[in-house]
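# Examination of the molecular architecture
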Amino acid sequence: MFLRLYWSRLQPGAWEAVHDLYRRDFSRTNVPGRLGRWVTQDTNDPDCIITVTLWEDQAAIQAWESSEQYARSIVAIRPHLLGSQTVSLCEVKLEYPSGLLQALQQAAERFPLSPA
């Protein structure tokens, strides 16, 4: 299992537009091998976005990053980015999933996707 961590600074005031992209367009994309995704706003620097995606394996990440869907998502978000971005791939070495499924189901109920 792998985590992909993405960090970027956003143009000032762009958070709402980026948030809408993720909720409206990106969240509905079915990506083979992607187990979950979290889109977060840095509490100390609200113009920074960090996404955390959980993947079955590294091959699934590579397939996503070389896909047409991924290329379209980059084109859509690029106008909202400022400066450089970083991506880290992390192999999960230890996992303690006890209660994780239930917590994710509860979160999905609290934070449903907006209507298309």
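Counting restarts for each chain, with residues numbered from 1 along the sequence as it is written. In keeping with the predicted nature of the model, local features appear solely for residues at pLDDT of at least 70, side-chain atom pairs appear and are counted solely at 80 or more, and the whole-chain, interface and lining totals rest on all residues. Computation of side-chain values: all heavy atoms of the structure, hydrogens and water removed.

Turning our attention to the sheet that holds strand β4 (residues 81–91). Read across the open sheet, the four strands follow the order β2-β3-β1-β4; overall the sheet is antiparallel. Edge positions in the sheet fall to β2 (34–41) and β4, since each has one partner strand and no second. Here the average twist between neighbouring strands, direction ignored, is 15°. As judged from the eight bridges shared by strand β1 (residues 2–10) and strand β3 (residues 48–55), these two strands associate in the antiparallel manner. Bridged to Arg9 within β3 is Cys48. The sheet strands contacting helix α2 (residues 58–65) are β1, β3 and β4, and the helix crosses β1 at an angle near 40°. Between any two strands, pairing holds if DSSP finds at least two bridges. Where helices and strands are cited, they refer to DSSP runs of H or I of at least four residues and of E of at least two residues respectively, numbered from the N terminus. An axis is simply a line fitted to the C-alpha atoms; with a helix, the fit covers only the stretch in contact. Between two such axes, the angle follows the N-to-C directions and lies from 0 to 180 degrees. Contacts between residues were defined by any pair of non-hydrogen atoms, one from each residue, lying within 4.5 Å.

Pairing of β2 with β3, which is carried by seven bridges, proceeds in the antiparallel orientation. Across the sheet, residue Arg34 finds its bridge partner in β3, namely Trp55. Hairpin connection from β2 to β3: six residues lie between these consecutive antiparallel strands.

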